Amino acid sequence: MDNMIDLYKAKLTSASNYADIAAFLSIQPPFPPYLYYHLQYFYCTKKLSSVLTETSKEKLKLSMINDKVPSYLFCYKESHKNINISFTVTPSSVQNLYIMSSLCFSYEWKALVDHLLKNRYPIIVLFYWKQRDLTKALKILEGSLKANYKLLIKELSIKEKREKQANNEESRKKSFLDKYDSLREWTSKPLSQVLDEALEREQWFKKIKFQLYKYSNNVPYSEPAATCNISKFGSISFNNLHDLLTSYLCKELEPSYEASIRLYTNRGLGERNYKPSKPIAVEYDHDLFNKDQNLQAFRKLVERFPYSSKALYHANPYFHASIADFKDNSSYDVFIANPKRILIIPQIRTSIEALERFVSFIFFEFREGTVKEMDETWLTT
Amino acid sequence: MANNLDEINKSCGNYLDTVHALLCFISLVCWERTPEPYFSFGRRMHTSPQNRIKKEEEVTPDAVIQLTNNIGLIIETKASLPENASFWRKEADQIIKYDDNLKGWWTTDEYITDYNVVVLIEITKSLEFNSYVLELQANGEITLGDAICGISFVRTQRLTEQIYFQPLWGRTKDSALSSKLKNGMPIPLEKVKVSYGNIKFYDHEPDVEHLIAVMWNDVFITKKDPSNFDPETKRYLISVEVNALAHELQRSFGCIAIRRTPADTQREQHREVEFPKISWVRRALDFLTTIGYAERRSENEYTVLYRLIRKDLIEHFASKRIKEKKRKPEEKEPTLFDES
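Given the structure is predicted, the values throughout are model-derived calculations rather than measurements.

About the thresholds
- Residues numbered from 1 in each chain as written.
- Chains lettered and ligands numbered in written order.
- Predicted model: local features only at pLDDT ≥ 70, side-chain atom pairs only at ≥ 80, totals over all residues.
- Helix = DSSP H or I, 4+ residues; strand = E, 2+ residues; numbered from the N terminus.
- Rg over C-alpha atoms; globule rule 2.2 N^0.38 Å.
- Buried ≥ 20, exposed ≤ 12 C-beta atoms within 10 Å, placed from the backbone.
- Contact = placed C-beta atoms within 7 Å.
- Expected span 1.5 Å × (residues − 1).
- Axes fitted to C-alpha atoms, helices over the stretch in contact; angles between N-to-C directions.
- Parallel < 35°, antiparallel > 145°, perpendicular 65-115°, else oblique.
- Left-handed = near helix turned anticlockwise from the far one by under 90°.
- Nonpolar A, V, L, I, M, F, W, Y, C, P; charged D, E, K, R; others polar.
- Domains from an automatic or database assignment.
- Pairing = 2+ DSSP bridges.
- Core = buried A, V, L, I, M, F, W, Y, C linked by C-beta atoms within 7 Å.
- pLDDT = per-residue confidence, 0-100.
- Bend = angle between axes of the 7 residues up to and from the residue.

A count of helices and strands for chain A gives ten helices and 17 strands. The C-alpha atoms of chain A give 22 Å as radius of gyration, which agrees with the globular expectation for 381 residues (21 Å, within 12%). In terms of principal-axis extent, the alpha carbons of chain A reach across some 65 × 50 × 45 Å. Residue burial in chain A is summarised as follows: out of 381 residues, 41% are buried. For chain A, the proportion of contacts with a sequence separation of at least 24, taken over those separated by at least 6, is 62%.

For the rest of this paragraph, the subject is the interface of chain A and chain B. With 32 residues of chain A at the interface, the matching set in chain B holds 32 residues. Every element with two or more residues in the side of chain A that touches chain B is listed here: strand 13 (308–314), strand 14 (319–325), strand 15 (330–338) and strand 16 (341–346) of chain A.

Once that is clear, we can look at helix 1 (residues 5–30) of chain B. Its 26 residues give helix 1 of chain B an end-to-end C-alpha distance of 37 Å, which sits within 8% of 38 Å, the value for a rise of 1.5 Å per residue. Glu32(B) sits one or two positions beyond helix 1 of chain B and adopts a positive phi of about 55°.

Here the focus is unusual backbone geometry. Residue Pro122(A) is bonded to the preceding Tyr121(A) through a cis peptide linkage, with omega at 10°. Assignment of secondary structure puts Pro122(A) in the loop between helix 4 (106–116) and helix 5 (131–145). With an omega of -5°, the peptide bond between Phe275(B) and Pro276(B) qualifies as cis. Turning to its location among the elements, Pro276(B) is positioned in the loop between helix 8 (262–266) and helix 9 (278–290). A positive phi is found at Asn329(A), a non-glycine position, where the angle reads about 65°. Structurally, the position occupied by Asn329(A) is in the loop between strand 14 and strand 15. The partly exposed category is assigned to Asn329(A), around which 18 C-beta atoms lie within 10 Å. For Glu110(B), which is not glycine, the phi torsion reads 70° and is therefore positive. In this fold, Glu110(B) is placed in the loop between helix 2 (88–98) and strand 6 (114–122).

Let us look at the packing of helix 7 (residues 242–253) of chain B against helix 9 of chain B. The description of two helices packed together rests on the angle between their axes and the distance between the axes. Residue and element names in this part refer to chain B. Relative to each other, helix 7 and helix 9 sit at 115°, their axes nearing to 9 Å. Taken together, the axes of helix 7 and helix 9 are roughly perpendicular relative to one another. Along this stretch, helix 7 crosses helix 9, giving a crossing that reads as right-handed. Counted together, Val242, Asn243, Leu245, Ala246 and Leu249 of helix 7 and Ile278, Val281, Arg282 and Leu285 of helix 9 form the full contact between these two elements. Here the residues of the contact of helix 7 with helix 9 are counted per class, giving seven nonpolar, one polar and one charged.

This next bit is on the domain arrangement of chain B. All names here are of chain B. Structurally, chain B comprises domain 1 (5–196) and domain 2 (208–327). For domain 1 and domain 2, the distance between their C-alpha centroids amounts to 29 Å. Counting residues at the interface gives 14 residues for domain 1 and 13 residues for domain 2. Where the side of domain 1 that touches domain 2 is concerned, the elements lending two or more residues are helix 1 and strand 1 (38–41).

Right, let's get into the sheet that holds strand 15 of chain A. On the basis of which strands lie adjacent, the open sheet formed by six strands has the order 13-14-15-16-12-17 (chain A) and antiparallel pairing. Where the open sheet ends on each side, the last strands, each with one partner, are strand 13 and strand 17 (370–373) of chain A. Averaged over all pairs of adjacent strands, the angle between their axes in this sheet comes to 20°, without regard to strand direction. Those strands touched by helix 6 (residues 208–223) of chain B are strand 13, strand 14 and strand 15 of chain A, and its axis lies near 40° from that of strand 14 of chain A.

All names here are of chain B. Within the largest apolar cluster, 189 residues are counted, with the highest numbers of intra-cluster contacts made by Leu22, Ile75 and Ala284. Among the elements that line this core, the one with the most residues is helix 1, at eleven residues. The contact partners of alanine 284, leaving out residues within four places of it in the chain, are Val208, Leu211, Ile212 and Met215.

All right, on to the sheet that holds strand 11 (residues 235–241) of chain B then. The pairing of strands in a sheet happens through backbone hydrogen bonds and is either parallel or antiparallel. Residue and element names in this part refer to chain B. Ordered in space as 10-11-13-12, the four strands form an open sheet in which the pairing is antiparallel. At either margin of the open sheet sits one strand with a lone partner, and together these are strand 10 (229–230) and strand 12 (294–296). As paired strands, strand 12 and strand 13 (residues 301–306) are joined by three bridges and run antiparallel to one another. Residue pairing across strands places arginine 296 opposite tyrosine 302, the latter belonging to strand 13. Contacting strand 12 and strand 13, helix 9 crosses the sheet at an angle of about 110° to strand 12.

With that out of the way, let us pick up the environment of Pro30(A). All names here are of chain A. Within the fold, proline 30 resides in the loop between helix 2 (18–26) and strand 1 (35–43). Along the chain, proline 30 and histidine 242 lie 212 residues apart, while their C-alpha atoms are 9.6 Å from each other. Here proline 30 is in contact with Asn239 and Asn240, once residues within four sequence places are set aside.

Before going further, it helps to examine the confidence of the model for chain B. Residue and element names in this part refer to chain B. With 93% of its residues at a pLDDT of 70 or more, chain B shows a mean pLDDT of 89. Ranking the helices and strands of chain B by mean pLDDT puts strand 13 first, with 98, and helix 8 last, with 60. Across the interfaces of the predicted complex, the ipTM metric reaches 0.90, alongside a pTM of 0.90.

Residue and element names in this part refer to chain A. The end-to-end C-alpha separation of helix 8 (residues 242–264) is 32 Å, in line with the 33 Å expected for 23 residues at 1.5 Å each. At cysteine 250, helix 8 shows its maximal kink, close to 30°. When we look at burial in helix 8, the residues that qualify are His242, Leu244, Leu245, Leu249, Leu253, Tyr257, Ser260 and Tyr264. Immediately downstream of helix 8, the backbone of asparagine 266 shows phi near 55°, a positive value.

All names here are of chain A. Within strand 16, six of the six residues are buried, leaving the element largely enclosed by the surrounding structure. Neither face of strand 16 is open: one carries Arg341, Leu343 and Ile345, the other Ile342, Ile344 and Pro346, and all of them are buried. With four bridges connecting them, strand 12 (residues 280–283) and strand 16 associate as antiparallel partners. Residue pairing for strand 16: alanine 281 is matched across the bridge by leucine 343. Hairpin connection of strand 15 to strand 16: two residues between the antiparallel strands.

Written as structure tokens, this is what we have:
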């Protein structure tokens, strides 16, 4: 096992481009247990090398090991163990969107992401994959497998609408959490079945784990050929089939980021010479806000939005609030006057990062919808 | 003036309702009309020597729309009226004052052939106000000209939130508008938010909490920078100049923001009204100074002691105002109704 990690480190040090690393990974046998190739997408508009090295602090050392393919050695000392991971940061097909990757154990990867990427907002933003994009990519991956492999969903972290409401009117009004449950499910179902059930039970995924089983004469192998984990905030890890998973999963998911970035670009009045842009609309497929309970739940959620100040202009029957993102120095108005959608109206400064943070907060904590630019023609319907 | 939390919240809500009602009415009148009519949120106009209330005086109706070179609308909103009807005479006189050959239209000689004075009244007061005005007329105290028409408005929810306009009395002289209004006309609130989502003011001074909430959340935040953080007070020290701040508010949320085309911005500046006014901004900054959220450096310069406020901003500043009023009951509160 150590041998494989050492070989990977050596490859990172000597590689002259990312294709060298990809070629190395593609010829490897399945990784030993608990060893995964991890990828984390992140958005950053600043100079990357400075952003990463800024985090160097006591107990943490970051040194560059290859400047041709920006690769680093991350050393971190915890009370009882030393973590040494080599990783690389490569640009994706989308501008300002990068992929941090490494072959390592999950606890090591967690330490790396926690220290270098998490809680770095607004300098670094972990963009959110919407359910629709994720299921589309998984379907494409499944379609590419043909008869060679079968994809089975093994584990899900989900949010689900609660069937039975609380009897007590007071407790029902009290919290949004009364209406949705967070669940973890272990299963072994084909993708289509899981997606059908999700639709039926109004579920949306936070994390998905699936396995690919090789088939021989219509009989599956008992051991999976690959295990893959995806989390909504741009993280993928797998232990085999590098080429298949990167070509069909990563390459399918990257354009969804591009669409979001394009949508959120150039929205603030200040950067548009004070000519306002159209609002961003989060659309739902049914009249979600017809129920007062949902509107109140949304209001409570907005009140909880971290690191922000709010001014509530109207709570009922329509919702109108101003939100200022204290970390990013952006602000926007949130307006609900239609049971199907939330409007986000950019103000003087409204950045890509701030819009992504708020939309992903709604999607993750409240309900996923479709995000797009508001179109006046919808109002005639 | 609103004096407790509920009243202040309601008053701030009413202010935005009036902004929305004006925008919806302008949309109702102007949509799908070519050439696009001129309109303005507030406009300096002049009464004639024959005016029944004030002769040859400057007036600023809430909105003015010029449909063609021959027909124009002078709009006055009454989103809220004093509870005591004895104070309504002033409102009635204001309407009669606008029923005049006003000067200040977008025509060569600044006069227009035909006009309507449109009184937009929130529905809960509309019938009562209507009766009051008719009674004044019956008593011979006033004469309502045929140019004056009343239109009630109400927020309704039919699938979407709308503002519904319905004729009360009189008739508009524009046939297209008359036919639109004949059976009542709903305008989706979203529709104006798409086009005018950033408009947060009109030519009336709002409660100080509304103005401060906009300044705090939308303007000061853009000036927050690690370089102006004071570790001792744990506040960001943001220098503001009153005129520059007023200008920023005007071009983002007020009088300049509502003008959209180059023609709009170049039109007769002397007739355009400014809002939020410099005096409103100064009063808001003085209030922040009183409650310890700003320091006055000179007549036009302040330092705002900016920090994250987790509580709802309107409630936060309203409770500060109430507390301050209790502390200094003898002092006159900064006036929120400027005549300028």
